[in-house]
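Residue strings, one per chain:
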Amino acid sequence: MKLQRMRIEQLRQFRKPFVLDNLQPGLNLIHGPNESGKSTLVRAIRAAFFERYRSTAVDDLRPWGDSAAAPTIELDFEHDNRVWRLTKSFLQRKRCDLVVGTETYSEDDAEEKLAELLGYQYPKRGASKAEHWGIPGLLWVEQGTGQDIEQAIEHAGDHLKSALNSMVGEVASSGGDDLIETVRSQRDTLLTGTGKPRGDYQQLEKDRALYEREIGELKERVHKYQEQVDRLGKLAHDYDQAEAERPWEDAQRQLEEARVRYQQVERLEQQQNQEKATLSQLLQNHRLLQQNKEHLEGLSRQLEGRKAELDRAERDLSTAEAQTPMIAGRLSEARTAYEQAEKQRKLAGLLQTRQRLEQDVRRLEQQKQVLSQNLAKAKEYHQQLEQARQQARENRIDAELVKKLRATGNQLNEETIRSRTIATRLSWQLDAGASLTLNDESLTGQGEQQLLEESTLVIPGVGTLGITPGGEELASTRRKLKALEEDLEEQLKTLGVESVQQAEDRLSAFESAGRAVKHADELFKSLAPAGLEQLVSDQNEAEGELEKARTQLEATPKPDPQEDVPALEEAEAAFARAGTALDKAESDERVHQSSLSALKQARDNAKTEWQRLADEEKSPERQQQLRQITADLANIEKQQAELEASLERREREIREARPEFLRQDIERYQNAVNQLRQTQENRSRELRDIKVRLEAWGAEGLEEQLNEQEAEFDQCNRRYQELHRRAQALDLLLNLLTEKRQALTRRLQAPLQKHLNHYLSVLFPEASLEVDEQLRPGTFSRGSELGQITELSFGAREQMGLISRLAYADLLREAGRPTLVILDDTLVHSDSDRLEDMKRILFDAASRHQILLFTCHPGNWNDLGVPPIDLQSLKVQAVAQA
Amino acid sequence: MPKFLHTADWQMGRAFTRFETEDGAALVEARFEAIETLAQLANEHQCDAVLVAGDVFDAQTVSDRTIRRVFNATRGFTGPWVVLPGNHDAALAESVWTRAQRLGAVPENVHLALQPGVIDLEDQGLSILCAPLTQRHTYGDLTEPFSGYETPEGFLRIGLAHGSVQGLLPDEIDSTNPIAPDRAEASRLDYLALGDWHGTKQIDERTWYSGTPEPERFRNNEAGNALVVEVSEPGANPKVTSLPTGRYQWHQWRETLAVHSDLEQLLERLNTLPESAVVDLRLEGSVTLAGEETLLKALSVAEARFRSLRCERSGLQLAPTDEDIAALKADGYVGEVVESLRERQEGAQDDVARDALAILAGLLREREQEVGQ
């Protein structure tokens, strides 16, 4: 589609006719400042197509204040190798004419023809809005909306798809999406998103379960009712039968019979007990008589016993009397032995005392001797000690002072020696006879002397020589020497010795005396630790004891050496033994005496007893009694035998009647009677209960209720099945529609993507822009950047919007659809680099589509390579022409 | 000349499933009316008695109201009614009958044959030999004792029993409660009035099933009648007249549609049915979209006309023709969906696909109509 010329009149500021002529098939740049009428031109093109010629909602087209105006637009364009002329007037003169080649359309036909050609629709009433604009809405970009591509694509939706049919075959569907929505909404009244029942469908499902439960319960109750009816039938039958047969009466009869039999047995048992009592009396009587008889018969036997006892007592007594002399003999022997043992023990004691005293005397003598020796030695050691002490006293000297003296002596010696070395040595060798006098000392022969002091040497005959030893040291040495000599002298005097040597000797003597004192003291102390006096007193004491022991010994009688005296211990043991033997013998004697008297007593008693019995045994009353008793006994035994025979007979009779079984029979028959009557009573009661129950249940009309419930369930179920099938069908339909629609979308995506990539490679060489299911540009990726187009900057979104629109235009052109691109002041937010790229894109697109680019910034588009159309000057020209 | 009305199988207290609530209620009501009709017929034909051969009640525990209404409905005829318990209302220890007696609902002139034996209707000269069921199921012939029953001289011997005559009824009928096929002859009966089989059916000259007076199933033939029986004297052949009593006629049609004319014929036949019809249609085969539209319209009309109309169409495939599709203007992917559903429906006999197709066609038609406006 190529717009060639447009003419407008009585439209906003274009009150007079205005013609935009010579529009090029490619790019057309139309510029003018604000208010120059650019937007009016765009609005005019839109109104020509979108607004119904008879619309009353286009007041905005009217020139200001001109109520008589008839805004008119005339468009000449070429499409499909044919020339189209659209003339449309609004408001005061409502008209629409379309001439296509030689064909003419007018009014609504004309408008429908245009809508079909371009792919848009008219509003039902009022002004045309974006949702009606269809494909032109996508390709004709209003000022400031270039970035809002999504909305435009949605509005173009079905038009686009049907327009693109030829591209992908007959796949798109007119109104398909509405259909899907309808199916979806119908499905959603029955099913939730996850396919669960909802609404009526869900309610029916619940109702159905409810009915099923109620029916189940009713069936259960009907079943119970029928069971009760059956039970009633059986019971009634049993009850009537029992009433007819009366089985408890038989049982009652049998019970009576058993009772009679049992009473008979009871009588027998009574008789048996009476006879048993009689027998037991007889037996008792018999036993008493027997006892009497035995008693009487027992006297003779007792008499014999007594005689035997008397004999035994006498025998025992005589035996005991025979033992008496022997026992007396033993006693006197024991006394003799005891006296002997006592004598022996005294002797042995005497002997032992003597021996001890003798030993004491010997020991004390020895002791006395040792003490005398020790005393002598102790005295000697004591003397030595005194001597050593004397020695020590004589030589007492202070060891420290001796040590000091020795040191002084040594020092003096050393000084003397030193003085000699520095002293003036005077040596002489005199001729024989010659002599000299040195310091008043005569020198002869040969010699040498050291001089420490001024000396005077008189050489006879010659005179006197003064010698003064030289040096100061000599003087000090001499002084020191002198001091030392004085010191030594002092010390010697203190110590009281002549010489150092003497001091040393005295010290040595003192020390040796000390050692001697110590030695002697130790020896002395070993003998007389408590001193000499103690030793003397010990000796005296020992002597005293010795004297006393000797006196005692002499006072002790000497035993007869011929006599055999045992040791004391032995004698004492023998004495003890003899004592014991004596005690024993005495005790035996006492026992014997008491035994004797007891035996005598026993013998006397036995004799008395025997005598008494012997008298009784012989009495005539006893004989009489015995005969009577014997007769009674025989009588009783006869009666007893008769009774026992009778008892045995009756016992057998009772046993054969089996009384225990008779008792059980009675119990059994009694129970049977009770039980049979009870059973019948129970039946009667149960019959009443069941009848009452059934009457109550029957009144409910259970089966009729069940029938009705089943009918309602059936109806509910039918409705449920219908909805179930409908839900499934709708679900299937929705799935199929969605599936097919998606398949279609996928087929359309590919060519659109191709065109989009073509432009995108100019703007962002490494970027890609995905087309989503709704054929909208969606995910944008550039390197590692990934995001939705809506997240881009305003400028970038506008650029993306524009290239998307151009891609759509390419797609539409391939489908043989008209493509006119109108851009109203677009890309104002692009920087210069991007703008440069966009210009290349526009230039490229213009080789396929006619593009009308309106702008108020002509400077930005200088390098577009097309002559700009200056709106302002055109207007001036128009006025001029008019 | 004794004359009596023979009826059976009223099945009172039955509720009807598979019907809309309102239709079910009307069918129940019709059964009460049928009793009244019977009383009226008995009067019209000057019958001496009415014999009911079992299954007066559909169940033992029906509501008190139903019991009372049943007996109330007999009041139109004041002559004797002899009513026999059948298998649905057997004379058990506790039964619908004992309840009716307790309720005091049984009129004087209604004789309940709760015990096997003979009921002599002195005034009418009729001896009714009764074989009531006293258990739910019986496997012996309860009419056997008939031979031993003595009846007064000159009285007609009329047997009254409920069960299956052996060897004559289809096998599928419950074989419990058997009755010997030669019972009438063997027991010297003038007539044997039977119940249990819901259609009117003659067994031999003297043995008949009266059938139910008001149909309640689709499957019974010859239901909805009562028999007027006239026997001139003991031993004479009975004269049996069947009288229609039913209000509603039940029709169950199984039809297979193949070509368009099948549908047209079906609709024509449907048109000829009276308004008192209860119709159950089951359609199979296939129908075009246009055909279905016609069918739905016709069914909608018929539903309003008949007492009840139910049509089962799940076995009927939708076979849209090219014209159908064109008429729907199902272009693009919607067209593909239509095609896919068609294939699925034919290939796998897929009910869901069929329904989906029907829904889609409906939606598309609606849309076309909107556009058309």
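Note that this is a predicted model, so its numbers are computed, not measured.

Undergrad: Describe the overall build of chain B, naming the residues involved and giving the relevant values.
TA: The secondary structure content of chain B amounts to nine helices and 17 strands. A compact globule built from 373 residues should have a C-alpha radius of gyration of about 21 Å, whereas chain B, at 27 Å, is more than 25% larger. Expressed as lengths along the three principal axes of its C-alpha atoms, the size of chain B is roughly 90 × 40 × 35 Å. Considering only contacts within chain B whose residues lie at least 6 apart along the sequence, 72% involve residues at least 24 apart.

Undergrad: Give a description of the overall build of chain A that names residues and reports values.
TA: The helix and strand tally for chain A stands at 19 helices and 20 strands. At 88 Å, chain A has a C-alpha radius of gyration far larger than the 29 Å of a compact globule built from 882 residues. Across its three principal directions, the C-alpha atoms of chain A cover 205 × 205 × 45 Å. Pairs at least 24 residues apart make up 72% of the contacts formed inside chain A by residues separated by at least 6 positions. Summing over all exposed atoms, chain A offers an accessible surface of approximately 50200 Å²; the carbon and sulfur share of this is 47%. Of the side-chain charges in chain A, 125 are positive and 156 negative, and the distance between the mean point of each set is 4 Å.

Undergrad: Tell me about helix H12 (residues 532-555) of chain A, residues and numbers included.
TA: Residues and elements named next belong to chain A. The first and last C-alpha atoms of H12 sit 35 Å apart over 24 residues, in line with the 34 Å expected at 1.5 Å per residue. Here H12 has its buried residues at Leu532, Leu535, Gln539, Ala542, Leu546, Ala549 and Leu553. The secondary structure elements touched by the buried residues of H12 are helix H8 (247-394) and helix H11 (500-527).

Undergrad: Could you give me a rundown of the UniProt feature "domain: YhaN AAA" (unreviewed entry) in chain A, with the residues and numbers involved?
TA: Per the UniProt entry, the sites bearing "domain: YhaN AAA" (unreviewed entry) are residues 1-50 of chain A in this numbering. Counting secondary structure, residues 1-50 of chain A comes out at 26% helix and 32% strand; the distance between its end C-alpha atoms is 17 Å.

Undergrad: Got a sec to walk through the confidence of the model for chain B? Specific residues and values, please.
TA: Within chain B, residue pLDDT values average 86, and 96% of them lie at 70 or more. Averaged pLDDT values over the elements of chain B bottom out at 75 in helix H7 (residues 322-328) of chain B and peak at 94 in strand E2 (residues 49-52) of chain B.

Undergrad: Before we move on, could you go through the interface of chain A and chain B and cite the residues and values that matter?
TA: On the chain B side, the residues contacting the 47 residues of chain A number 44 residues. Here Arg725(A) and Asp355(B) are joined by a salt bridge, their closest N and O atoms 2.8 Å apart. When contributions to the side of chain A that touches chain B are tallied by element, the ones reaching two or more residues are helix H6 (176-190), helix H7 (199-245), helix H15 (659-699) and helix H16 (702-763) of chain A. By residue number, the principal contributor to the side of chain A that touches chain B is H16(A), which donates 23 residues. Per-class residue counts for the side of chain A that touches chain B are 19 nonpolar, 13 polar and 15 charged.

Undergrad: Requested: an account of the UniProt feature "domain: Calcineurin-like phosphoesterase" (unreviewed entry) in chain B, with residues and values cited.
TA: UniProt's feature table lists "domain: Calcineurin-like phosphoesterase" (unreviewed entry) at residues 3-95 of chain B, given in the numbering used throughout. For the annotated span residues 3-95 of chain B, helix accounts for 37% and strand for 13% of the residues, and the straight-line distance between the end C-alpha atoms is 31 Å.

Undergrad: Could you give an account of H6(A), naming the residues involved and the relevant values?
TA: Residue pairs three or four apart in sequence face the same way in an α-helix, which turns once every 3.6 residues. Residues and elements named next belong to chain A. For H6, with 15 residues, the first-to-last C-alpha span of 22 Å sits near the 21 Å given by 1.5 Å per residue. Buried within H6 we find Gly176, Leu179, Ile180, Val183, Arg187 and Leu190. Each buried residue of H6 sits inside an arc of 100° when the element is viewed along its axis, so together they form one side. Every exposed residue of H6 that faces more than 90 degrees away from the buried side is listed here: Asp178 and Thr189.

Undergrad: Can you tell me about the environment of Arg627(A), naming the residues and giving the values?
TA: All names here are of chain A. Note that Arg627 resides in helix H14 (residues 620-656). Take Arg627: its relative accessible area is 54%, and that puts it in the exposed class. C-alpha separation for the pair Arg627 and Lys293, spaced 334 residues apart in sequence, amounts to 9.0 Å. For Arg627, the side chain forms a polar contact with the side chain of Gln624, separated by 2.9 Å.

Undergrad: Hey, could you go over the nonpolar core for me, with residue numbers and the actual values?
TA: Formed by 170 residues in total, the largest nonpolar core has its most connected members in Phe49(A), Phe77(A) and Leu341(B). Top element by residues in this core is H16(A). It accounts for 21 residues. Here this core spans two domains, and each of domain 1 (3-244) and domain 2 (249-372) of chain B adds at least three residues to it. Those residues in contact with Phe49(A), other than ones at most four positions away along the chain, are Met1(A), Leu75(A), Phe77(A), Leu86(A), Lys88(A), Leu114(A), Leu118(A), Tyr120(A), Tyr122(A) and Trp140(A). Counting 34 residues, the second largest nonpolar core, distinct from the first, contains Leu38(B), Cys47(B), Val52(B) and Ala226(B).

Undergrad: Give a description of the domain arrangement of chain B that names residues and reports values.
TA: All names here are of chain B. Looking at chain B, the domain boundaries give domain 1 (3-244) and domain 2 (249-372). Computed over C-alpha atoms only, the centres of domain 1 and domain 2 are separated by 45 Å. The interface is formed by twelve residues belonging to domain 1 together with nine residues belonging to domain 2. When the two sides are added together, the surface that domain 1 and domain 2 hide from each other amounts to roughly 970 Å², 64% of it contributed by carbon and sulfur. Across the domain 1-domain 2 interface, the total number found is two salt bridges. The partner of Glu22 in a salt bridge is Arg307, with the nearest N and O atoms 3.5 Å apart. Where domain 1 meets domain 2, there are three residue pairs in polar contact (both at pLDDT 80 or more). Along the lines of polarity and charge, the residues of the side of domain 1 that touches domain 2 split into six nonpolar, no polar and six charged.

Undergrad: An account of the packing of aromatic side chains is requested, with residue identities and associated values reported.
TA: Two aromatic rings, taken as a pair, are described by how far apart their centres are and by the angle between their planes. All names here are of chain A. Counting across every chain of the model gives 21 aromatic pairs over all chains. Ring pairing ties together the aromatic residues Phe49, Phe50, Phe77, Trp84, Tyr120, Tyr122 and Trp140, which thus form one cluster. Between Lys307 and the ring centre of Trp610, over which it is positioned, the NZ or CZ distance is 5.8 Å. Note that Arg668 overlies the ring of Tyr669, its terminal NZ or CZ placed 4.7 Å from the centroid.

Undergrad: Kindly report on the UniProt feature "coiled-coil region" (unreviewed entry) in chain A, identifying the contributing residues and their values.
TA: UniProt marks residues 201-402 and 471-498 of chain A with the feature "coiled-coil region" (unreviewed entry), using the numbering shown here. Measuring from the first to the last C-alpha atom of residues 201-402 of chain A gives 146 Å, for a span that is 98% helix and 0% strand.

Undergrad: Can you lay out the sheet that holds strand E15 (residues 767-771) of chain A for me, pointing to particular residues and giving the numbers?
TA: All names here are of chain A. In space, the three strands of this open sheet follow the order E15-E16-E17, with antiparallel pairing throughout. Of all strands in the sheet, those with a lone pairing partner are E15 and strand E17 (785-788), marking the two edges. Each strand axis lies, on average, 15° off the axis of its neighbour in the sheet, ignoring direction. Strand direction decides the pairing type here: strand E16 (residues 777-782) and E17, joined by four bridges, are antiparallel. Paired with Phe780 across the bridge in E17 is Gly787. Running at roughly 155° to E15, H16 makes contact with E15 and E16 of the sheet.

Undergrad: Explain a negative patch on the surface to me, using residue names and the numbers behind them.
TA: Residues and elements named next belong to chain A. On the surface, a cluster of negative charge is contributed by Glu485, Asp487, Glu489 and Glu490. By the secondary structure assignment, Glu490 is in helix H10 (residues 472-495). We classify Glu490 as partly exposed; its relative accessible area is 46%.

Undergrad: Which residues make up the sheet that holds strand E2 (residues 18-20) of chain A, and what values do they have?
TA: Residues and elements named next belong to chain A. Taken in spatial order, the six strands make up an open sheet running E2-E1-E4-E5-E6-E7, and their pairing is antiparallel. Two strands bound the open sheet, and with one partner strand each, they are E2 and strand E7 (103-106). Across the sheet, the axes of successive neighbouring strands diverge by a mean angle of 10°, strand direction being ignored. Pairing between strand E5 (residues 82-89) and strand E6 (residues 95-100): six bridges, direction antiparallel. Note on E6: the bridge partner recorded for Lys88 is Cys96.

The rules behind the values
- Residues numbered from 1 in each chain as written.
- Chains lettered and ligands numbered in written order.
- Predicted model: local features only at pLDDT ≥ 70, side-chain atom pairs only at ≥ 80, totals over all residues.
- Heavy atoms only, no water.
- Helix = DSSP H or I, 4+ residues; strand = E, 2+ residues; numbered from the N terminus.
- Rg over C-alpha atoms; globule rule 2.2 N^0.38 Å.
- Contact = heavy atoms within 4.5 Å.
- Areas by Shrake-Rupley, 256 points an atom, 1.4 Å probe, with all protein chains shown as cover.
- Lys, Arg positive; Asp, Glu negative; His and termini not counted.
- Charge placed at Lys NZ, Arg CZ, Asp CG, Glu CD.
- Expected span 1.5 Å × (residues − 1).
- Buried < 20%, exposed > 50% of the residue type's maximum accessible area, 1.4 Å probe, protein only.
- UniProt positions renumbered as here; feature names shortened; annotations may be inferred.
- pLDDT = per-residue confidence, 0-100.
- Salt bridge = Lys/Arg side-chain N within 4 Å of Asp/Glu carboxyl O.
- Nonpolar A, V, L, I, M, F, W, Y, C, P; charged D, E, K, R; others polar.
- Arc of directions from axis to C-beta.
- Polar contact = N/O pair within 3.5 Å; in protein donor to acceptor, adjacent residues only side chain to side chain.
- Core = buried A, V, L, I, M, F, W, Y, C linked by side-chain atoms within 4.5 Å.
- Domains from an automatic or database assignment.
- Buried area = accessible area lost by both parts, 1.4 Å probe.
- Phe/Tyr/Trp six-rings, centres within 6.5 Å; stacked < 30°, edge-to-face > 60°.
- Lys NZ or Arg CZ within 6 Å of the ring centre and 35° of its normal.
- Pairing = 2+ DSSP bridges.
- Axes fitted to C-alpha atoms, helices over the stretch in contact; angles between N-to-C directions.
- Patch = residues over 30% accessible without salt bridge, like charges linked within 9 Å, V, L, I, M, F, W, Y side chains within 5 Å.

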